[in-house]
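Working through the structure, step by step
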Amino acid sequence: MKIGEASRVTGASARSLRFYEDEGLIVPGRCSNGYRDYCRVTVDRVIAVRSLLESGLPVRMIRELLPEPADGREATADELRSEFLDEVQAYRDRLAARITVLDTQRSALDAFLNEAGRARR
């Protein structure tokens, strides 16, 4: 399918599809006229890439998760490398730590605002 149809099917804009290609996240085929040709496997990969991006993972990590196709086929979920999963877990742990710090800061601001509100009365 052409880029417009792939965009419609995946929900990714044509611009995003080109970005994914530029970043090495997908490798669409090419028609004889040079147009991109998105097969079902590439469309499925786009959907996976979008999901991972929406989860907050950086492009670099996604590129590691979805390695370059080997022998003309895409890697399957079963072929994920354990070191990648460890890196995702570490990323999640760093995110959780940042959330904890932000929660602490918000609580401190709430306490300050409550105290300041009482002082104004």
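Since we're looking at a predicted model, the values are computed, not measured.

1. Comments concerning the overall build of the protein chain
Of the regular secondary structure elements, the protein chain holds 5 helices and 2 strands. From first element to last, N terminus to C terminus, the protein chain shows the α and β order α-α-β-β-α-α-α. A buried classification covers 22% of the 121 residues belonging to the protein chain. Long-range pairs, those at least 24 residues apart, make up 47% of the contacts in the protein chain between residues at least 6 apart in sequence. With an accessible surface of roughly 8,300 Å², the protein chain has 53% of that area assigned to carbon and sulfur atoms.

2. Notes on the side chain of glutamate 21
In this structure, glutamate 21 sits in helix α2 (residues 14-22). Polar side-chain contacts of glutamate 21 include one of 2.5 Å to the side chain of arginine 36. Residue contacts for glutamate 21: discarding those within four places in its chain leaves Ile26, Pro28, Arg30 and Arg36.

3. What about the environment of alanine 48?
If you trace the backbone, alanine 48 turns up in helix α3 (residues 40-54). Residues alanine 48 and leucine 66, spaced 18 residues apart in sequence, show a C-alpha to C-alpha distance of 8.9 Å.

About the thresholds
Residues numbered from 1 in each chain as written. Predicted model: local features only at pLDDT ≥ 70, side-chain atom pairs only at ≥ 80, totals over all residues. Heavy atoms only, no water. Helix = DSSP H or I, 4+ residues; strand = E, 2+ residues; numbered from the N terminus. Buried < 20%, exposed > 50% of the residue type's maximum accessible area, 1.4 Å probe, protein only. Contact = heavy atoms within 4.5 Å. Areas by Shrake-Rupley, 256 points an atom, 1.4 Å probe, with all protein chains shown as cover. Polar contact = N/O pair within 3.5 Å; in protein donor to acceptor, adjacent residues only side chain to side chain.

Treat this as a map of the structure, not an account of what it does.
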